[in-house]
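These are the residues of each chain, in order.
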Amino acid sequence: MKTEQAVPETGRLEAGVWPLRARLAADGELEIGGVRATDLARRFGTPLHVLDEADVRERCRAFRAAFPGGEVAYASKAMSCTGLLRWVREEGLSLDASSAGELAVARRSGFPADRILLHGNGKTGEDLRAAFSYAVGTIVVDSAAEISRLAVQAASGLRGPQAVLLRVVPGIDGGTHAALTTGTEDQQFGFSLASGAAAEAAHRILGQHRLRLAGVHCHIGSQIADLGRYVRALDRVMDFLVRLRATDGVVLDRLDLGGGFAVPYRAGDPGLEPADVGAAVQAALTTLCARHRYPTPRLTIEPGRAIVARAGVTLYRVVGVKRAASGRVFVTVDGGMSDNPRPSLYQARYTVRLAGRTTTANNRPVTIVGRHCEAGDVLVPDASLPADLRLGEVLAVACTGAYHHAMASNYNLVRRSPVVAVRGGRARLLVRRETEDDLLARDVG
Ligand SMILES: Cc1ncc(COP(=O)(O)O)c(C=O)c1O
Ligand SMILES: N[C@@H](CCCC[NH3+])C(=O)O
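What you see as residue numbers is a count from 1 along each chain, following the sequence as written. By the order in which they are written, chains take letters starting at A while ligands take numbers starting at 1. In keeping with the model being predicted, local features are shown solely for residues with a pLDDT of at least 70 and side-chain atom pairs are shown and tallied solely at 80 or more, while totals for entire chains, interfaces and linings include all residues. Heavy atoms from the whole structure form the basis of all side-chain values; hydrogens and water molecules are not counted.

Enquirer: What am I meant to see in the confidence of the model for the protein chain here?
Expert: Looking at the protein chain, the pLDDT average stands at 96 and 98% of residues meet or exceed 70. Along the chain, pLDDT gives the predictor's confidence residue by residue, from 0 to 100. Only heavy atoms matter for contacts: two residues are in contact if any of them lie within 4.5 Å across the pair. For residues 1-9, every residue scores under 50 in pLDDT, and the model assigns this stretch 23 contacts once sequence neighbours within four places are set aside. Prediction confidence for the complex, expressed as pTM and ipTM, is 0.97 and 0.99 respectively.

Enquirer: Please clarify how the site of ligand 1 should be interpreted in this entry.
Expert: One heavy atom suffices: a residue is near a molecule or strand as soon as one of its heavy atoms comes within 4 Å of it. Neighbouring residues of ligand 1: 15 residues in total, closest His219, Ser222, Glu302, Arg305 and Tyr403. Polar contact is the term for a pair of N or O atoms within 3.5 Å; when the atoms are in protein, one must be able to donate a hydrogen and the other to accept it, and sequence-neighboring residues count only if both atoms are side-chain atoms. Note that an oxygen atom of ligand 1 is positioned 2.8 Å from one of the backbone N or O atoms of Arg305. A distance of 2.6 Å separates an oxygen atom of ligand 1 from a polar side-chain atom of Tyr403. In short, Shrake-Rupley with a 1.4 Å probe defines the accessible areas, and a residue's cover is counted only from the protein chains shown. Contact with the protein chains removes 90% of the 390 Å² of surface that ligand 1 exposes when unbound. We call Asp, Glu, Lys and Arg charged. Ala, Val, Leu, Ile, Met, Phe, Trp, Tyr, Cys and Pro are nonpolar, and the rest, Gly among them, are polar. Along the lines of polarity and charge, the residues of the shell around ligand 1 split into three nonpolar, seven polar and five charged.

Enquirer: Can you walk me through the environment of Val313 in this structure?
Expert: Secondary structure follows DSSP: runs of H or I at least 4 residues long count as helices, runs of E at least 2 residues long count as strands, and numbering of each begins at the N terminus. As for its position among the elements, Val313 is in strand S14 (residues 312-323). Through-space distance from the C-alpha of Val313 to that of Gly70 is 30 Å; in sequence the pair is 243 residues apart.

Enquirer: For this particular structure, what's the right way to read the packing of helix H4 (residues 100-108) against helix H5 (residues 125-134)?
Expert: The axes of two packed helices give the description: the angle between them and the distance between them. Here, axes are lines fitted to C-alpha atoms. For helices the fit covers the stretch in contact, and angles between N-to-C directions go from 0 to 180 degrees. Taken N-terminus to C-terminus, the directions of H4 and H5 make an angle of 25°; their axes are 8 Å apart at the nearest point. With respect to H5, the element H4 is oriented roughly parallel. Seen from H4, the contacting residues are Ala100, Leu103, Ala106 and Arg107; seen from H5, they are Glu126, Asp127, Ala130, Ala131, Ser133 and Tyr134. In terms of residue class, the contact of H4 with H5 is built from six nonpolar, one polar and three charged. Convention used here: angles under 35 degrees read as roughly parallel, angles over 145 as roughly antiparallel, angles from 65 to 115 as roughly perpendicular, and any remaining angle as oblique.

Enquirer: I keep staring at the nonpolar core and nothing clicks. Help me out?
Expert: Side chains of a nonpolar character, in soluble globular proteins, are inclined to be buried together. Put simply, buried Ala, Val, Leu, Ile, Met, Phe, Trp, Tyr and Cys residues joined by side-chain atoms within 4.5 Å make one nonpolar core. When a residue's accessible area, from a 1.4 Å probe over protein chains only, is under 20% of the maximum for its type it is buried; when over 50% it is exposed; and in between it is partly exposed. Tyr74, Leu166 and Ile368 are the most contacted members of the largest nonpolar core, which has 131 residues in total. It is helix H8 (residues 227-248) that contributes the most residues to this core, 10 residues altogether. The contacts of Tyr74, once residues within four sequence positions are left out, are Met79, Leu84, Leu85, Val88, Leu93, Ser94, Leu95, Asp96, Pro303, Gly304, Ile307 and Val308. Judged by nonpolar contacts, the second largest core, of six residues, contains Leu117, Ala163, Leu165 and Ala214.

Enquirer: Sorry if this is basic, but what is going on with the sheet that holds strand S3 (residues 35-36) here?
Expert: Sheet strands line up and pair through hydrogen bonds in the backbone, either parallel or antiparallel. Whether two strands pair comes down to DSSP finding at least two bridges between them. Strand order in the open sheet formed by three strands is S1-S2-S3, with antiparallel pairing between adjacent strands. If you trace the sheet from one side to the other, it starts and ends with strand S1 (23-24) and S3, each paired once. Here strand S2 (residues 30-32) runs beside S3; their pairing, made up of two bridges, is antiparallel. In the sheet register, Ile32 faces S3, and the bridge partner there is Val35.

Enquirer: Before we go on, may I ask you to explain the pattern of salt bridges in this structure?
Expert: Once the charged atoms of two side chains with opposite charge are near each other, the side chains can pair. We define a salt bridge as a contact between a side-chain nitrogen of Lys or Arg and a carboxyl oxygen of Asp or Glu at a distance within 4 Å. In the structure shown here, the tally under the stated rule is 24 salt bridges. Among the ionic pairs, Asp96 bridges to Lys77, the shortest N-O distance being 3.4 Å. Here Asp96, found in strand S6 (residues 94-97), pairs with Lys77, found in the loop between strand S5 (71-75) and helix H3 (82-90); they are 19 residues apart in sequence, far enough to count as distant. Given a relative accessible area of 31%, Lys77 falls into the partly exposed group.

Enquirer: Looking at this model, I keep getting lost on the pairing of strand S17 (residues 363-369). Mind explaining?
Expert: Successive side chains on a regular strand alternate, one facing one side of the sheet and the next facing the other. Of all the seven residues making up S17, seven are buried; the element is thus mostly covered by neighbouring parts of the structure. Alignment of S17 against strand S18 (residues 378-386), held across six bridges, turns out to be antiparallel. Along S18, the bridge assignment pairs Arg364 with Leu385.

Enquirer: Looking at this structure, how should I read the UniProt feature "active site" (unreviewed entry) in the protein chain?
Expert: UniProt positions are given in the numbering used here, feature names are shortened, and annotations may be inferred rather than shown by experiment. Mapped onto the present numbering, the UniProt feature "active site" (unreviewed entry) falls at Cys373. Secondary-structure assignment places Cys373 in the loop between S17 and S18. Those residues in contact with Cys373 that lie beyond four places of it in its chain are Tyr411 and Asn412.

Enquirer: I would appreciate a short explanation of the side chain of His119 in the present structure.
Expert: Looking at where His119 falls in the secondary structure, it is placed in the loop between strand S7 (116-118) and H5. Its relative accessible area of 4% is what places His119 among the buried residues. A distance of 2.7 Å separates polar atoms of two side chains, one belonging to His119 and the other to Glu302. The contacts of His119, once residues within four sequence positions are left out, are Asp96, Ala97, Ser98, Val140, His217 and Glu302.

Enquirer: Would you explain the site of ligand 2 in this entry?
Expert: Around ligand 2 sit Lys77, Leu180, Ser222, Arg305, Arg342, Tyr346, Tyr403 and Met407, and those are all the residues in its vicinity. Arg342 is positioned such that a nitrogen or oxygen atom in its side chain is 2.6 Å from an oxygen atom of ligand 2. Here a nitrogen atom of ligand 2 and a side-chain polar atom of Tyr346 are 2.8 Å apart. About the coverage of ligand 2: the protein hides 80% of its 310 Å² of free accessible area. A class-by-class count of the residues in the shell around ligand 2 yields four nonpolar, one polar and three charged.

Put into structure tokens, the structure is as follows:
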């Protein structure tokens, strides 16, 4: 067990992990988008997902500016609700959706169908029906069986051929958590370049007059901090395009490099800045196209986490403080793995702070745990919080905008938490808290 540290509150927010306009007020209280965290907790209850609108918009703009002439598609699996998708639409981004549900929210937010890409290695009939009834612009083909299913669906409509991208596997390890690596040969997404499966799929699509092969797609994983991996993947994808030109005489004009750009969760963690991603990827593409005398395809990228992670803060209330016989201090909050499964799934680490005040009390090492019935429900194993922490106080966890609300569950039949947008000193509910009636309504036995 670590001993107590003599670390006073610094009164400063950790760099790079809180929303751009988050700050500590004169009395030490955390403010997000000009609204006090404790006011938000009082008004909307806890656990609470807070989303800073200005931060999301700023990230959208940064990616668009980094890819002039390219397409930036927000990967809505990271976080989807009507209010958020409206901001993304207004900022001129496209959208990556991967289920009928994500398409339904996109539709309600007024997203133009031609700016939508449908993804998924397991698209169901329901997903495809939703995509065709919405007339989504692009469908990303992920398996051989899908090619004929898509051709049949496309034939039953009255529109012209459906534009598709072929998802290829470049054989590049993203250098990230094993559960988030999708560019290697032994995983479930896409068609292998090395085995010839991608070439065969391309021939089949080219032979389907109801489908139009518009380009290729590749996504090597998520939370990737090394730009070189994207450049190597691009190299392999370009080789494929060049070979396809030789074998089939086609020149494709879209190249989608996926998302996966890392963000820091704690000060000092590596992350990728949109401008750096844009510069590296576009320079590599220009060089490769010149080398192969290939007309430069239009680039698409699909950031999810890098758009919304930093904009999000989760607020909890402390419901227990206990020193175990081992000496370890456990701080229990009123949420846990139902609103954030990431520590248990990916051993993710977070920045946390007391939201309502600064104190002269020393910090001490604590383990922040959730309320769920498993010892694995550890939100932050290595936190440092003031020794005078009291029950009922509000804790804020940074960088929870992506894959938190989106991955929330009803474990222990807790009600899923609301999402509140903050901007310019005002707060607005985007997603309400589930009610007990919501829970009971589904239970029809
Ligand atoms: C096809 C595809 N595109 C984009 C993304 C977004 O990834 P990230 O949120 O890491 O940017 C994902 C998820 O990894 C994905 O599967
Ligand atoms: N759910 C993962 C990211 C998955 C990426 C989706 N393709 C996370 O929370 O880090």
